[in-house]
Amino acid sequence: MLDRILGTRRTRQFQRIIRNGKITLFCLVLTIVVLRGNLGAGKFGTPEQDFKEIRETFYQYRGKRSEPRRVLEELQTTTEQTASSTTNNYAEFDINKLFVDEEDDVKKNPNEPYSIGPKISDWDEQRGEWLKQNPTFPNFLNANKPRVLLVTGSSPKPCENPVGDHYLLKSIKNKIDYCRVHGIEIFYNMALLDAEMAGFWAKLPLIRKLLLSHPEVEFLWWMDSDAMFTDMAFEVPWERYKDKNLVLHGWNEMVYDQKNWIGLNTGSFLLRNCQWSLDLIDAWAPMGPKGKVRDEAGKILTRELKDRPVFEADDQSAMVWLLASQKEKWASKVYLENHYYLHGYWGILVDRYEEMIASYHPGLGDHRWPLVTHFVGCKPCGKFGDYPVERCLKQMDRAFNFGDNQILQMYGFTHKSLASRRVKRTRNDTNNPLEVKDELGLLHPAYKAMKVPDCPDGCLEPGTSPEKWRRGFRCTTRRVQKKKIREHGAHESTQLRS
Amino acid sequence: MGQDGFTAQKRGSSTLPTSTAPNGGSRSSRSLLRGGGGNRQIHKTLNNIKITILCGLVTILVLRGTIGFGSLSSDNDLENQAIIEETNRILAEIRSDKDPDDPEENLDQTTINLNDTYSLGAKISNWDEERSLWLSRNQDFPNIVNGKARILLVTGSPPSPCDNAIGDHYLLKSIKNKIDYCRIHGIEIVYNMAHLDKELAGYWAKLPLIRRLMLSHPEVEWIWWMDSDALFTDMVFEIPLSKYKDHNMVIHGYPDLLFNQKSWIALNTGSFLFRNCQWSLDLLDEWAPMGPKGPVREEAGKILTANLKGRPAFEADDQSALIYLLITKTEWMKKVFVENSYFLHGYWAGLVDRYEEMMEKYHPGLGDERWPFVTHFVGCKPCGSYGDYPVQRCLSSMERAFNFADNQVLKLYGFRHRGLLSPKIKRIRNETVTPLENVDQFDIRHSAQGTSN
């Protein structure tokens, strides 16, 4: 047919052109797809996601707003049209769509230097006065035991890693157990108090705020969320630190002589509630504010400290540098503890648990039975850590079970093995449960014993009537009292340590 | 047609058609055309093949693009991919609840015979005497501290990760919420993650746990069981224990639903208190028989569905069993206090939308419908895969309840959340050089100290 219009030769040319055109088109499509495929899956999403996005924008243009945002803004119940917001299936839900910030971030003046809070200079006096006026909130629970607040925390948003939250849950359960046995209170923080001090620095404004808000607390114990207690029977030797204000795990030579960035560890440390500590926090904080300050500080720290890799300033390196460079000012009140594992690097401990069970017993706290196993570098809440995922998670399970066994043995159970979640009985049920002594003495340990007040005069606590008091305590005579004192070696005196 | 061409040539002159005459030329081209008929076919075939190959390539690439890249992606992606795959494999292993000791487990799956009666443990008959003897010998572990009876809050969750990550995140927030309340009110917490008795698994697991804790902690006066999906929303309210000095069990419910309507939701066992005494041990022994999993639980479930109003058909649960026990053996009711003057358990659906209204009109410390003590997210089941309510509603409500409570805790420190759905906080009080004035004013413990029990 084309023959008659154009002539044979022209027809052939035309057909050739069409053929070439087809081939060109195909090649073009191919190239586009290849490029899209290569570049797209990496940064911009697969073609399937593109399709979904296009469909969504198409819907938008048709006037339907995207469902989840509308529900949140109206704060109403669900009778929504689309399936996505009425699903009962948790797997289909994207949690990040849930959060709504009703106010914007406060804009800080960039020229203002960072300050962690107004300078307080008379904290010891203020606190002493407060403790005198509030005798029902003593800072010492009995003669040797100060009131301790264990502080830990994690992000208020779900972990990127799907099992991260499960390990955070196990970690806090582990801490709850240790603290219940040892009479320590816990504060679990999920709030970022200061947007500039984010990341590892977030503990500083938190610690300062807690010290000032809880004057009854004598020692604040910061513990990272990836650290677990593995010795439930070990009680921290508080008398050893009666003249010290900061206790960290570390070695004097590594900090003061070598200036090694891992000479101490700020994942688990004790800080006394006093003026010295506030001054220390003020001196520690300046390297923290994120952005230029932190990056520059990081460079200084890498230069000054031994073996430190290049990255922004972290609180641990800053502490090493602070102590090493201002030794005369701070070192006298700092105790670098290495006789027990106030922080125990997990790499050298986790494979030896079976050996420890065979050869030793809880209560030692050191390399034979570590107090704390700290999973530095594992980062179970994030997507990628410094170690293989499998090793980290399996070892965290083992450490958890190792600690949990010591709690369960109080009740007559133990895990079937260090890798197992199942438990089995270690002793039969008896109808005389109070005769059974728990081997480690964790059910009613001496360090948790309450002060028995002197009878009959002067032992009423303010606010309690004599009847109420008598119901709780049986009045013992002075003779029995003295016998008790001789037996337990305790003496009743409230002391204010400054 | 080719044949004709050849025969035509043969029929033509004997001379070879080499002349360049137009006739010859046209003839040659025509013959070429005819001879190239075969060529044309070959060309056509070749073109078709080319086009087929091109289409094939396009299809493969499109498929690759949608399904994913294997060896063509860059090194970095490859590494990430490998790590993600490994993580997923480990997660699946962890979640599968497979245990290294499982092979031994599966062999002895003996379930209790319907005729045997299940026992929680060795029968104890003199617990009250034993306990008071112990207390008199151990006066440094009194059962009343600072005028308040010692309470132990017990809660727990399964030892394996939830079916989805959101569940674990809300378990974490829930335990933080409980830690905060208990720190303020001097209550100790036991968080259980072990199945102490494999017969009594699931919602029944609390029974052997409560019994075990009572017997191991004679210094504890009250054991308070709280579900993992219940959140404290009134941080100031304290349980008025003096009200219950003649009772041994405190549970939220409605007496008329219990006795007149025999409803299966007349009481709620998600949050209740048990005194540490012989009566409680006896009640636990009476309560437990419907629990052992297998045929016993199934049969018991049928009985309960038949006798309780509104109960769907499923295996026996602890709440229905308790209700059935109390309505059939009413002598137990003498020592049970059915509390509804405050929300020892507050069903979430009627409460969560009113938080803003509550913040405007009321204040913490009331514990009732004006400012609920506990908001309990029954039916949400965030640790499982499917709940009874839409996920969006459950999770946003849980987040709101959590932040509502957290605001009360953060008040001491001078912060609050930026909205009930926001994880971020903002300052409500400037920093000061005399922080202790704020402590005296805002610390809940100081106001709690003043109220007598």
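Residues numbered from 1 in each chain as written. Chains lettered and ligands numbered in written order. Predicted model: local features only at pLDDT ≥ 70, side-chain atom pairs only at ≥ 80, totals over all residues. Heavy atoms only, no water.

Participant: Explain the packing of helix H9 (residues 275-284) of chain A against helix H11 (residues 315-325) of chain A here, please?
Facilitator: Geometry of a packed helix pair, given as the angle between the helix axes and the separation of the axes. Residues and elements named next belong to chain A. The interhelical angle for the contact between H9 and H11, taken along N-to-C directions, is 110°, at an axis separation of 10 Å. What the angle tells us is that H9 and H11 run roughly perpendicular. Handedness of the H9/H11 crossing: right-handed. For the pair H9 and H11, the contacting residues are Leu280, Ala283 and Trp284 in the first and Asp315, Ala318, Met319 and Leu322 in the second. Residue composition of the contact of H9 with H11, grouped by class: six nonpolar, no polar and one charged. (Axes fitted to C-alpha atoms, helices over the stretch in contact; angles between N-to-C directions. Helix = DSSP H or I, 4+ residues; strand = E, 2+ residues; numbered from the N terminus. Parallel < 35°, antiparallel > 145°, perpendicular 65-115°, else oblique. Left-handed = near helix turned anticlockwise from the far one by under 90°. Contact = heavy atoms within 4.5 Å. Nonpolar A, V, L, I, M, F, W, Y, C, P; charged D, E, K, R; others polar.)

Participant: Can you help me understand the sheet that holds strand S7 (residues 249-253) of chain B in this one?
Facilitator: Strands in a sheet are paired, the pairing made by backbone hydrogen bonds, and the direction either parallel or antiparallel. Residues and elements named next belong to chain B. Spatially, S4-S3-S5-S8-S7-S9 is the arrangement adopted by the six strands of the open sheet, whose pairing is mixed. Each end of this open sheet is capped by a strand with a single partner; those strands are strand S4 (188-192) and strand S9 (336-339). Across the sheet, the mean angle separating the axes of adjacent strands is 25° when strand polarity is ignored. The sheet contact formed by S7 and strand S8 (residues 267-275) spans five bridges and is antiparallel. What sits directly across from Gly253, in S8, is Leu267. (Pairing = 2+ DSSP bridges.)

Participant: For this particular structure, what's the right way to read helix H14 (residues 435-442) of chain B?
Facilitator: Think of an α-helix as turning once every 3.6 residues; residues three or four places apart then point the same way. Residue and element names in this part refer to chain B. Those residues of H14 that fall on the buried side of the exposure criterion are Pro435, Leu436, Asn438 and Val439. Across the axial projection of H14, the buried residues extend over an arc of 155°, all falling on one side. Opposite the buried face of H14, at more than 90 degrees from it, the exposed residues are Glu437 and Gln441. (Buried < 20%, exposed > 50% of the residue type's maximum accessible area, 1.4 Å probe, protein only. Arc of directions from axis to C-beta.)

Participant: Before we go on, may I ask you to explain the interface of chain B and chain A in this structure?
Facilitator: The accessible area lost on association of the parts is a frequent measure of interface size. Each partner contributes to the interface: chain B provides 132 residues, whereas chain A provides 121 residues. Both sides of the chain B and chain A interface together cover about 11,600 Å² of buried area, and 63% of this is carbon and sulfur. Summed over the shared surface of chain B and chain A, the number is eight salt bridges. The salt bridge involving A:Asp429 is made with B:Arg212; its shortest N-O contact spans 3.3 Å. Here chain B and chain A share 30 residue pairs in polar contact (both at pLDDT 80 or more) between them. (Buried area = accessible area lost by both parts, 1.4 Å probe. Salt bridge = Lys/Arg side-chain N within 4 Å of Asp/Glu carboxyl O. Polar contact = N/O pair within 3.5 Å; in protein donor to acceptor, adjacent residues only side chain to side chain.)

Participant: Just to check I follow, could you spell out a nonpolar patch on the surface for this structure?
Facilitator: On the surface, B:Ile49, B:Ile53 and B:Leu57 cluster together into a nonpolar patch covering about 270 Å² of accessible area. Topologically, B:Leu57 is positioned in helix H2 (residues 22-67). (Patch = residues over 30% accessible without salt bridge, like charges linked within 9 Å, V, L, I, M, F, W, Y side chains within 5 Å. Areas by Shrake-Rupley, 256 points an atom, 1.4 Å probe, with all protein chains shown as cover.)

Participant: Any chance you could explain the state of the cysteines here in plain terms?
Facilitator: The term disulfide refers to a covalent linkage connecting the sulfur atoms of a pair of cysteines. Residues and elements named next belong to chain B. If you walk through the whole model with that rule in mind, you get four disulfides over all chains. Two residues, Cys380 and Cys394, share a disulfide whose sulfurs are 1.8 Å apart. A torsion of -90° about the S-S bond marks the disulfide between Cys380 and Cys394 as left-handed. Here the residue Cys380 occupies a position in the loop between strand S10 (374-376) and helix H13 (391-410), and Cys394 occupies one in helix H13, the gap between them amounting to 14 residues. Here Cys380 and Cys394 have matching classes, each one buried. Among the cysteines of chain B that take part in disulfides, numbered as they appear in the sequence, the pairing is 1-3, 2-4. Across chain A, the disulfide pattern expressed with sequentially numbered bonded cysteines is 1-3, 2-4. (Disulfide = S-S within 2.5 Å.)

Participant: How should the packing of aromatic side chains be read in this particular structure?
Facilitator: Any aromatic ring pair is given by two values, namely how distant the centres are and how the planes are angled relative to each other. Under the criterion given, the structure shown has 36 aromatic pairs over all chains. Considering the side-chain rings of A:Tyr345 and A:Trp346, the 6.4 Å spacing of their centres and the 65° angle between planes classify their relative orientation as edge-to-face. When its relative accessible area of 1% is taken as the criterion, A:Trp346 is described as buried. Each ring, one from B:Trp348 and one from B:Tyr389, has its centre 5.0 Å from the other, and the planes form 85°; the classification is edge-to-face. Pair noted here: B:Trp348 is in the loop between S9 and helix H12 (355-361) and B:Tyr389 is in the loop between S10 and H13, with a separation of 41 residues, a long-range link. Ring pairs connect the aromatic residues B:Tyr181, B:Trp224, B:Phe232, B:Phe237, B:Tyr342 and B:Phe373, which therefore count as one cluster. The ring of A:Phe311 has A:Arg308 sitting right over it, with the charged end atom 4.1 Å from the ring centre. A cation sits over an aromatic face here: B:Lys176 above A:Phe187, 5.4 Å from the ring centre. (Phe/Tyr/Trp six-rings, centres within 6.5 Å; stacked < 30°, edge-to-face > 60°. Lys NZ or Arg CZ within 6 Å of the ring centre and 35° of its normal.)

Participant: How do you make sense of unusual backbone geometry when you look at a structure like this?
Facilitator: Most peptide bonds are trans, and most residues other than glycine sit at a negative phi. Even without a glycine there, the phi angle at A:Lys379 is positive, about 45°. Examined against the element boundaries, A:Lys379 turns out to sit in the loop between strand S10 (372-374) and helix H14 (389-408). For A:Lys379, a relative accessible area of 43% gives the class partly exposed. Phi angles above zero are rare outside glycine, and B:Lys381 is one such case at about 45°. Assignment of secondary structure puts B:Lys381 in the loop between S10 and H13. On the accessibility criterion, B:Lys381 (44% relative accessible area) is partly exposed.

Participant: In this structure, what is going on with the packing of helix H10 (residues 295-307) of chain B against helix H11 (residues 318-328) of chain B? I would like to understand it.
Facilitator: Residues and elements named next belong to chain B. Orientation of H10 relative to H11, taken along the N-to-C sense of each, is 60°, at an axis distance of 10 Å. The orientation of H10 with respect to H11, classified from their angle, is oblique. Crossing of H10 over H11 shows left-handed handedness. Packed against H10, whose contacting residues are Ile303, Leu304 and Asn307, the element H11 presents Ser320, Ala321 and Tyr324 at the interface. Among the residues forming the contact of H10 with H11, the class breakdown is four nonpolar, two polar and no charged.

Participant: I tried to follow the side chain of B:Asn248 on my own but got confused; where do I start?
Facilitator: Position of B:Asn248 among the secondary structure elements: in the loop between strand S6 (230-232) and S7. Residue B:Asn248 is classed as buried on the basis of its relative accessible area, which comes to 9%.

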